Amino acid sequence: MSIGLTKSRSTHRRAHGRRAPRLISLTTIAAMGISLLGACSSASTSSSTASAEASSQSYGELSIQLSYKKNQQSAGLYVADSKGYFTDEGFSSTTLIAGGNGTSAEASTETGQALIGISGPLTTAPAINEGGAVKIIGTLFQKNPFAVISAADKPISAPQDLIGKTIAVQDYNTLVWQAFLKANNLSADQVTTVPFSDTSQLTTGQVDGFLGFTTTGAAALNAAGFNATEFLLEDNGLPMIGESLVASDDAIQNKHDELVAALTAVVKGWKEAVADPQESADLTVNDYGKDQNYDADSIKLSVDRQNTLISTDETTANGLLTISADKQQQTIDSLALAGIDITADQLFDMSLLDDVFSANPDLK
């Protein structure tokens, strides 16, 4: 898989035509696999002042490492880049580095290859325990995106329904699966686990269900004509954030203003992306992820699903990307179920986002 770099776009908004919805094929769903969010006018005085101060700064090029290839999970960054929000905050250009290239977001930020990386607590916490000098500074998904997806005519509706069933799980999701089983007092010998290849394992009856993201789970299969159902791990013993933003301890200490500027643009981008799901899908399909040949209807459906993970009552009160003390502790407790012991102070630093929303209260 190539790394794929995207340089900053012009500040004008690209016009993309709206497409009439159509049925998504099962072939498209299978091909997608189960891979692992700016306000305009009427800005407040404090926000205007903060933007003016930011525009007087010159931070040079900004690099952000994504968690995966350029898909809908980075739509807010596409909005921020395409509309010049990073430029407005003092960056001369923006490079979005596709993930999946063998270099973790933690390593990328520690070595200075990227100022911000997108990762997850199941990766970041072990890295810290092994000596990594990084912190989670915000999160996109307020809810654990993993779900158990099954056929509607043979539904797996709750953890106890898994007993005696065969579930397909990708190798790199084994840790979260084992933690989920432990959270529900299920032993490995009560559930048969097989390697996941694609969703056809379920649609052809090879397995009773599979572990995947809700963003490409039951809703996508239903749209393709296969009746499916799912339940979230979030609601069944394993609440945890996902698609979290990480930065090095060195950058947090020595590049504070630069990080605050970058996060300000990121919040603006995600706020607009959540408000306009079609724009998110269009930028993913027609621009930043164009070389991936995505199906537009599949991506739009996934965007709609991911918005339910991004925007919650807590983010309405505190702002997008923030992580409440309760959510931090829930994540710590879920990590413990995976055999990862770490404290909230070791894993999280919310001071940067505190500064973003203190200077820009209208972004909440």
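So, here's what we can say about the structure. A quick note: this is a predicted structure, and the numbers were derived from the prediction, not measured. (Residues numbered from 1 in each chain as written. Predicted model: local features only at pLDDT ≥ 70, side-chain atom pairs only at ≥ 80, totals over all residues. Heavy atoms only, no water.)

### Quick notes on the overall build of the protein
Piece 1. Each helix and strand counted, the protein has 17 helices and 11 strands in total.
Piece 2. Looking at the protein as a whole, 55% of its 364 residues are labelled buried.
Piece 3. In the form shown here, the protein has an accessible surface area of approximately 14600 Å², with 47% of it arising from carbon and sulfur atoms. (Helix = DSSP H or I, 4+ residues; strand = E, 2+ residues; numbered from the N terminus. Buried < 20%, exposed > 50% of the residue type's maximum accessible area, 1.4 Å probe, protein only. Areas by Shrake-Rupley, 256 points an atom, 1.4 Å probe, with all protein chains shown as cover.)

### Some thoughts on the packing of aromatic side chains
Piece 1. Summed over the entire model, instances satisfying the criterion amount to seven aromatic pairs.
Piece 2. The interplanar angle of 35° and the centroid separation of 5.2 Å between the aromatic rings of Tyr59 and Phe91 together place this pair among those described as tilted. With Tyr59 in the loop between α2 (45-55) and β2 (60-65) and Phe91 in strand β3 (residues 91-97), this pair connects stretches of sequence that are 32 residues apart.
Piece 3. On the basis of relative accessibility, which here comes to 2%, the residue Phe91 falls in the buried class.
Piece 4. Taking the centre distance of 5.4 Å and the plane angle of 45° together, the rings of Phe196 and Phe210 count as tilted. Note that Phe196 is positioned in the loop between β8 (192-195) and α8 (200-203) and Phe210 in strand β9 (residues 209-213), a separation of 14 residues in sequence.
Piece 5. In this structure Phe210 comes out as buried when scored by relative accessible area, which is 1%.
Piece 6. Of the aromatic side chains, those joined through ring pairs into one cluster are Phe141, Phe146 and Phe213. (Phe/Tyr/Trp six-rings, centres within 6.5 Å; stacked < 30°, edge-to-face > 60°.)

### Let's talk about the pairing of strand β4 (residues 116-119)
Piece 1. Residues of β4 alternate between two faces, with Ile116 and Ile118 on one and Gly117 and Ser119 on the opposite face, all of them buried.
Piece 2. In this sheet, β4 lies alongside β2 in parallel orientation, the contact comprising two bridges. When the sheet's bridge partners are listed, Ile64 is paired in β4 with Ile116. (Pairing = 2+ DSSP bridges.)

### Things to note about the packing of helix α11 (residues 256-275) against helix α17 (residues 351-359)
Piece 1. Following both chains from N to C, one finds α11 and α17 inclined at 65°, their axes separated by 9 Å at the closest point. With respect to the hand of their crossing, α11 and α17 are arranged in right-handed fashion. Contacts between α11 and α17 pair His256, Leu259, Val260, Leu263, Thr264 and Val267 from the former with Leu352, Leu353, Asp355, Val356 and Phe357 from the latter. (Axes fitted to C-alpha atoms, helices over the stretch in contact; angles between N-to-C directions. Left-handed = near helix turned anticlockwise from the far one by under 90°. Contact = heavy atoms within 4.5 Å.)

### Here we look at the sheet that holds β8
Piece 1. Strand order across the open sheet formed by five strands is β8-β7-β9-β6-β10, with mixed pairing between neighbours. Looking at the sheet topology across the chains shown, the edges are occupied by β8 and β10 (228-232). Ignoring which end each strand starts from, the neighbouring axes of this sheet average 35° apart.
Piece 2. Taken together, the two bridges between strand β7 (residues 166-169) and β9 define a ladder with parallel strand orientation. Across the sheet, residue Ile167 finds its bridge partner in β9, namely Gly209.
Piece 3. Strands in contact with helix α7 (residues 174-183) are β6 (146-151), β7, β8, β9 and β10; relative to β7, the strand with the most contacts, it is inclined by about 145°.

### Description of the pattern of salt bridges
Piece 1. Enumeration over the complete set of coordinates arrives at seven salt bridges.
Piece 2. For Glu89, the salt bridge goes to Lys268, with nearest N and O atoms at 3.3 Å. Taken together, the positions of Glu89 in the loop between α4 (85-88) and β3 and Lys268 in helix α11 put the pair 179 residues apart, joining distant regions of the chain. We note that Glu89, like Lys268, is buried. (Salt bridge = Lys/Arg side-chain N within 4 Å of Asp/Glu carboxyl O.)

### A closer look at empty space enclosed by the protein
Vacant regions in the atomic arrangement are exposed by a probe of water-molecule size rolled over the atoms.
Piece 1. When its volume is computed, the largest cavity comes out at roughly 50 Å³.
Piece 2. If you go around the largest cavity, the residues you meet are Gln73, Ser74, Leu77, Ile118, Leu140, Glu243, Leu245, Val266 and Trp270.
Piece 3. Within the residue set of the lining of the largest cavity, elements represented by two or more residues are β11 (242-248) and α11.
Piece 4. Broken down by class, the residue content of the lining of the largest cavity amounts to six nonpolar, two polar and one charged. (1 Å grid on protein atoms, 1.4 Å probe; cavity = no way out; pocket = protein on both sides within 12 Å on 5 of 7 lines; lining within 4 Å. Points joined across faces, edges and corners; volume = space filled by probe spheres on them. Nonpolar A, V, L, I, M, F, W, Y, C, P; charged D, E, K, R; others polar.)

### Some thoughts on the pairing of strand β5 (residues 134-141)
The side chains of a regular strand alternate between both faces of the sheet.
Piece 1. Across the eight residues that make up β5, a large majority, eight, are buried.
Piece 2. With six bridges connecting them, β5 and β11 associate as antiparallel partners. Bridge pairing in β11 links Gly138 to Leu245.

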